[in-house]
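Listed below, chain by chain, are the residues.
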Amino acid sequence: MPVKIQINGHEVQVQAPPASRLLDVLRGELGLKGAKEGCGEGECGACAVLVNGQVVNSCLIPLGQMEGAEIVTIEGVPVDSALIQAFHDCAAAQCGICTPGMILAATALLAEHPQPTMDEIRWGLSGNLCRCTGYGRIYEAVAQASTGDAHG
């Protein structure tokens, strides 16, 4: 039986076993490669997507639980968004493995706290691991996106 979901604003019906991981469906059946396989245990955030506005690790979620869900992947974030621009301006992305999950976690954070404190930014991104940047530039990018303060 197909599962109806909304992906990045488009309704789709997915023909896959209900126990299939959402991550595998996104990457395989739907060709959305932004969510990455990191740990496979929900610890790193590389596979993070938004489900009904909440950050979830898609490696832990079975497709069968997604019936009617609104899912946003990194491919659904406008390339001209303030957050994408801030990541660019602050050189917050390096290898790129964590970047989609970080941006989606920041999107959810900014929806709930439009002008977060640095502690709120740290907490909001705490489910996402980065091995390259040391987090400072990522936190700076989220703060910049929240204020609209652009670096030259």
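Parameters at a glance
- Residues numbered from 1 in each chain as written.
- Predicted model: local features only at pLDDT ≥ 70, side-chain atom pairs only at ≥ 80, totals over all residues.
- Heavy atoms only, no water.
- Helix = DSSP H or I, 4+ residues; strand = E, 2+ residues; numbered from the N terminus.
- Rg over C-alpha atoms; globule rule 2.2 N^0.38 Å.
- Buried < 20%, exposed > 50% of the residue type's maximum accessible area, 1.4 Å probe, protein only.
- Contact = heavy atoms within 4.5 Å.
- Areas by Shrake-Rupley, 256 points an atom, 1.4 Å probe, with all protein chains shown as cover.
- Lys, Arg positive; Asp, Glu negative; His and termini not counted.
- Charge placed at Lys NZ, Arg CZ, Asp CG, Glu CD.
- Axes fitted to C-alpha atoms, helices over the stretch in contact; angles between N-to-C directions.
- Parallel < 35°, antiparallel > 145°, perpendicular 65-115°, else oblique.
- Left-handed = near helix turned anticlockwise from the far one by under 90°.
- Expected span 1.5 Å × (residues − 1).
- Core = buried A, V, L, I, M, F, W, Y, C linked by side-chain atoms within 4.5 Å.
- Phe/Tyr/Trp six-rings, centres within 6.5 Å; stacked < 30°, edge-to-face > 60°.
- Salt bridge = Lys/Arg side-chain N within 4 Å of Asp/Glu carboxyl O.
- Polar contact = N/O pair within 3.5 Å; in protein donor to acceptor, adjacent residues only side chain to side chain.

Per an unreviewed UniProt entry, the protein carries the name (2Fe-2S)-binding protein and comes from Acidithiobacillus concretivorus.

A. Structural view of the overall build of the protein. In terms of helices and strands, the protein carries five helices and five strands. Helices and strands in the protein line up, N terminus first, as β-β-α-β-β-β-α-α-α-α. The C-alpha atoms of the protein give 15 Å as radius of gyration, which agrees with the globular expectation for 152 residues (15 Å, within 12%). Each principal axis of the C-alpha distribution contributes one length, and for the protein these read about 50 × 25 × 25 Å. The buried share of the protein, taken over its 152 residues, is 43%. Put simply, of all contacts in the protein between residues at least 6 apart along the chain, 56% involve residues at least 24 apart. For the protein, the computed accessible surface area is about 7,900 Å², with 52% contributed by carbon and sulfur atoms. Averaging the coordinates of the 8 positive side-chain charges in the protein and doing the same for the 16 negative ones gives two points 8 Å apart.

B. Here's a closer look at the packing of helix α3 (residues 99-112) against helix α5 (residues 136-147). Here α3 crosses α5 at 40°, and the two axes come no closer than 11 Å. Considering their axes alone, α3 and α5 lie oblique with respect to each other. At the point where α3 passes α5, the crossing takes the right-handed sense. Within the contact between the two elements, α3 uses Met102, Ala106, Leu109 and Leu110 and α5 uses Ile138, Val142, Ala145 and Ser146.

C. How the structure looks around α5. For α5, with twelve residues, the first-to-last C-alpha span of 17 Å sits near the 16 Å given by 1.5 Å per residue. Looking at α5, one finds that the buried residues are Ile138, Tyr139, Ala141, Val142, Gln144, Ala145 and Ser146. Note on α5: the residue one or two positions beyond its end, glycine 148, has a positive phi of about 75°.

D. Layout of the side chain of asparagine 128. With respect to the element layout, asparagine 128 can be found in the loop between α4 (118-124) and α5. Beyond its immediate chain neighbours, meaning those up to four positions away, asparagine 128 contacts Cys44, Gly45, Ala48, Gly101, Met102, Ala105 and Tyr135.

E. Spatial organisation of the nonpolar core. Leu83, Phe87, Met102, Leu125, Ile138 and Val142 are the most contacted members of the largest nonpolar core, which totals 25 residues. Secondary-structure elements contributing two or more residues to this core are α2 (82-89), α3 and α5. Here this core takes eight residues from α3, the largest share from any one element. Contacts of isoleucine 138, omitting those with residues within four sequence positions, involve Phe87, Ala92, Cys98, Met102, Leu125, Cys130 and Thr133. One finds Leu22, Leu26, Val51 and Leu63 within the second-largest nonpolar core, a separate group that totals 21 residues.

F. Structural view of unusual backbone geometry. A positive phi angle is found at asparagine 8, which is not glycine, with a value near 50°. Mapped onto the fold, asparagine 8 is located in the loop between β1 (3-7) and β2 (10-14). With a phi angle near 50°, asparagine 52 is a residue other than glycine that sits in the positive phi range. Within the secondary structure layout, asparagine 52 lies in the loop between β3 (48-51) and β4 (54-57).

G. Looking closely at the packing of aromatic side chains. Under the criterion given, the structure shown has one aromatic pair. Seen from their ring centres, tyrosine 135 and tyrosine 139 are 5.9 Å apart, and the 20° between their planes marks the pair as stacked.

H. Local environment of the pattern of salt bridges. In the structure shown here, the tally under the stated rule is three salt bridges. With a closest N to O distance of 2.5 Å, arginine 21 and glutamate 37 form a salt bridge. With arginine 21 in the loop between β2 and α1 (22-29) and glutamate 37 in the loop between α1 and β3, this residue pair connects regions lying 16 residues apart in the sequence. We classify glutamate 37 as partly exposed; its relative accessible area is 42%. Linked by salt bridges that have partners in common, Arg21, Asp24 and Glu37 make up one network.

I. How the structure looks around the environment of glutamine 85. Positionally, glutamine 85 belongs in helix α2. Residues glutamine 85 and asparagine 57, 28 residues apart in the sequence, show an inter-C-alpha distance of 24 Å. Among the polar contacts made by the side chain of glutamine 85, one reaches the side chain of aspartate 89 at a distance of 2.7 Å.

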